[in-house]
Amino acid sequence: MPDIQPQTQYSDFVLSIKQRILQSQYEALKSVNKELIALYWDIGKSIVEKQDEFGWGKSVVKNLAEDLQQEFVGIKGFSVQNLWNMRLFYLEYRDSPKLQTLSREIAWSHNMAIIQKCKDSLEREFYIQMTKHYGWTYRVLINHVENKSYEKFLLNQTNFDETVPQKYKDQAKLAVKDEYVFDFLELGEEHSERELETAIVKNIGKFLTQMGNDFTFMGNQYRLEVDGEEYFIDLLLFHRRLKSLIAVELKIGKFKPEYAGKMNFYLSALNDLVRLEDENPSIGIIICKDKNRTIVEYSLKDTNKPIGISTYQLMETLPKELEAFLPTSEEIVQRLSQFDEAENKGKNEQNHIS
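What counts, and at which threshold
Residues numbered from 1 in each chain as written. Predicted model: local features only at pLDDT ≥ 70, side-chain atom pairs only at ≥ 80, totals over all residues. Heavy atoms only, no water. Salt bridge = Lys/Arg side-chain N within 4 Å of Asp/Glu carboxyl O. Helix = DSSP H or I, 4+ residues; strand = E, 2+ residues; numbered from the N terminus. Phe/Tyr/Trp six-rings, centres within 6.5 Å; stacked < 30°, edge-to-face > 60°. Buried < 20%, exposed > 50% of the residue type's maximum accessible area, 1.4 Å probe, protein only. Lys NZ or Arg CZ within 6 Å of the ring centre and 35° of its normal. Arc of directions from axis to C-beta. Contact = heavy atoms within 4.5 Å. 1 Å grid on protein atoms, 1.4 Å probe; cavity = no way out; pocket = protein on both sides within 12 Å on 5 of 7 lines; lining within 4 Å. Points joined across faces, edges and corners; volume = space filled by probe spheres on them.

An unreviewed UniProt entry annotates the chain as DUF1016 domain-containing protein of Sulfurovum riftiae.

Here it is, written out as structure tokens:
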């Protein structure tokens, strides 16, 4: 080993080489994936065109699969089902150049899940962007789709646009759902806040799954002491990706404006007394049984700490009355474009550093 002083210089050198190799491998895998998606697109397109041109029926897919499997022995991807998937892939995206381009940035299995489970083009774009931007695994993607993260992302009520740094803003919005489903608690409709908290702590694993994959549990009735007086936060979590403490307050009734003021106080105290130097500012989530969306908007309007207001249900529901609050298609397109802008900015910063 070279005689370099201090030794940390050589360790840093080795680490930089390892990171460069991993980045190269990642870029190679991305390149291979793009070629694979392009190949499947071409096959799907050819099947559709030949069926239209010659009037071929379904049997052509079965025959093609058999011929390809005989020619390319041991190579996966040419089953009858996957050829049908290629045909569907082309049919679903042939009129959407943007989705055609974005689809090459994620794995084939992810593309199929999105196509089969999402019918709206903007919803599909959302899940492609999220998968690409945050590296969601197939299982994580399915979990987000089944938990209706798209709708909850659009509906959620936070002040994060004004209070969270740009680089963390979208991830923070994903971390707070508009509605949580606590169907694992086995509580009756009539219950106290203490009963709700106790049931959550007893089912903390399931609770964290409902909250999201990046949350960890730090404690309940978390004690804060400010100028000799004690205060207790219902639940304190930590979000690994955001590197932020998450204060959670549970309310069994309707949201009240004073809840936001109390949470603002908790966040100030957490930032001064608990937060570590390398952590980002704390975030608050107030989970109520019900809320008036207009009251929430006014309550958060001039609050200077990042707070989200959510509701909870004890069974899976999709309230029809919330459809009126969904943004217009134009507003959704504008929100989704922010992911492209954020990624391009990140690439430019990386290129500048390199």
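Quick word on the pattern of salt bridges
Using the criterion set out here, one finds 13 salt bridges in the structure. E66 serves as the salt-bridge partner of K62, at 2.7 Å between the closest nitrogen and oxygen. You can see K62 and its partner E66 sitting in helix 2 (residues 59-71), four residues apart, about one turn around the helix. One connected set of salt bridges, linked through shared partners, spans D178, K291 and R293.

Some points on the packing of aromatic side chains
Taken as a whole and assessed by the stated rule, the structure comprises 17 aromatic pairs. Residues Y40 and W108 carry aromatic rings whose centres are separated by 4.7 Å and whose planes lie at 70° to one another, so their mutual orientation is edge-to-face. One end of the pair, Y40, is in helix 1 (residues 7-54); the other, W108, is in helix 5 (residues 108-117), with 68 residues separating them in the sequence. Each member of the pair Y40 and W108 is classed as buried. Taking 5.6 Å as the distance between ring centres and 90° as the angle between the ring planes, the aromatic pair formed by W41 and F89 counts as edge-to-face. Here W41, found in helix 1, pairs with F89, found in helix 3 (residues 80-93); they are 48 residues apart in sequence, far enough to count as distant. Judged by its relative accessible area of 0%, F89 falls in the buried class. Among the aromatic side chains, those forming a connected cluster through ring pairs are Y40, W41, F89, Y90, Y93 and W108. The side chain of K251 reaches across the aromatic face of Y259, ending 4.7 Å from its centre. In this structure, K289 packs its charged tip against the face of Y312, placed 5.4 Å from the ring centre.

As for helix 12 (residues 204-211)
When we look at burial in helix 12, the residues that qualify are F207, L208, Q210 and M211. Each buried residue of helix 12 lies within a common arc of 160° when the element is viewed along its axis, so the set occupies one face. On its buried face, helix 12 is in contact with helix 10 (166-175), strand 2 (179-181), helix 11 (193-202), strand 3 (215-226), strand 4 (229-239) and strand 6 (280-288). After helix 12 finishes, the residue G212 shows a positive phi value of roughly 145°.

A look at the layout of surface pockets
Its boundaries defined by the atoms lining it, the second largest pocket holds a volume of some 480 Å³. Lining the second largest pocket are 20 residues, and of these N156, Q157, T158, D161 and R335 lie nearest its centre. Those elements that provide at least two residues to the lining of the second largest pocket are helix 8 (149-155), strand 1 (157-158), helix 9 (160-163), helix 14 (293-301) and helix 15 (329-353). Among the elements that make up the lining of the second largest pocket, the one with the highest residue count is helix 14 (four residues).

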